[in-house]
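# Structural overview for review
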Amino acid sequence: MTFSTTALLGALLCGLLALLLAPLVFRIPQRLTQQWVREINEYTDMELSGLQPEASPLSRPQAALLIAAAALLSYAALAIKGLNPEGVALSLYFLGMLLLVAINIKVLLLPDIVVQPMLWAGLLYHAYAGSAPAHIYGAAIGYLAPFLLALLMQKLARSEFLGRGDFKAMAMAGAWLGAAGMPLFFAGFVAGFVVWATAVWLARNKARCFVSTGPAHLAGALTAVFTPLLA
């Protein structure tokens, strides 16, 4: 092994970066702890106010609605894409989305145990299909765009209108829909949220309530998948 000036400069640069990163060993856990405390306080406030829904099994009408929606969306996916890997993959995406929506409506959560496997399934499928870059970019756009918008709104309005679960669920959508599909997804999400929030507000006699975002995620997915077919 011969002496290399380039390697020495690289080592010095990495040492400098390590020096700059050292404070993060303390600051990252500190910020996580603050986030957990804030989330626990918010959850406690919801429970005390009676706004925190309780997990419970689906009623028979709810289960029938979920099954009918899954069958309908699967039929639409297979009718459009055909009985092939693309059609089956789209059907599975809709199934995962419906599970996520049902949980979110029930308990206002978008759990990682559903989101993360679905995100990776989308990326792996499109890697197999040969379109990985567009869907990696889609996942990045799906997370970063709402994250930056929420960060800006938090600075300006001192309030949060999207949670981290929403960012990850949008990244999941980007992994399946690709970068090209995200503008339509975001448009469908906004429209779906306005309609759903209005319906919930009216159904609860204009009382203060927390609105689930799951139906808006589904509206975004449907908009991104089916709107191009109308052109």
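The present account deals with the structure reproduced in this document. (Residues numbered from 1 in each chain as written. Predicted model: local features only at pLDDT ≥ 70, side-chain atom pairs only at ≥ 80, totals over all residues. Heavy atoms only, no water.)

## A closer look at the packing of helix H4 (residues 85-107) against helix H7 (residues 164-177)
Across the interface, H4 lies against H7 with an axial gap of 11 Å and an inter-helix angle of 170°. It follows from the interaxial angle that H4 and H7 lie roughly antiparallel. Only Ala169, Met172, Ala173, Trp176 and Leu177 of H7 make contact with H4, whose side of the interface consists of Ala89, Tyr93, Met97 and Leu100. For the contact of H4 with H7, the residue count by class is 9 nonpolar, no polar and no charged. (Axes fitted to C-alpha atoms, helices over the stretch in contact; angles between N-to-C directions. Helix = DSSP H or I, 4+ residues; strand = E, 2+ residues; numbered from the N terminus. Parallel < 35°, antiparallel > 145°, perpendicular 65-115°, else oblique. Contact = heavy atoms within 4.5 Å. Nonpolar A, V, L, I, M, F, W, Y, C, P; charged D, E, K, R; others polar.)

## Notes on H4
Counted at 1.5 Å a residue, the expected span for H4 with its 23 residues is 33 Å, and the 33 Å between its end C-alpha atoms agrees. Looking one or two residues past H4, leucine 108 carries a phi angle of roughly 60°, positive in sign. (Expected span 1.5 Å × (residues − 1).)

## Looking at the packing of aromatic side chains
For the coordinates displayed, the defined rule picks out 10 aromatic pairs. Judged by centre distance (5.7 Å) and plane angle (35°), the rings of tyrosine 93 and phenylalanine 94 are tilted. Just as tyrosine 93 is buried, phenylalanine 94 falls in that class too. Residues phenylalanine 185 and phenylalanine 186 carry aromatic rings whose centres are separated by 5.8 Å and whose planes lie at 70° to one another, so their mutual orientation is edge-to-face. Taking the relative accessible area as the measure of exposure, phenylalanine 185 reaches 0% and is therefore buried. The class of phenylalanine 186 is partly exposed, set by a relative accessible area of 23%. One aromatic cluster in this structure is built from Tyr93, Phe94, Tyr125, Tyr128, Trp176 and Phe226. (Phe/Tyr/Trp six-rings, centres within 6.5 Å; stacked < 30°, edge-to-face > 60°. Buried < 20%, exposed > 50% of the residue type's maximum accessible area, 1.4 Å probe, protein only.)

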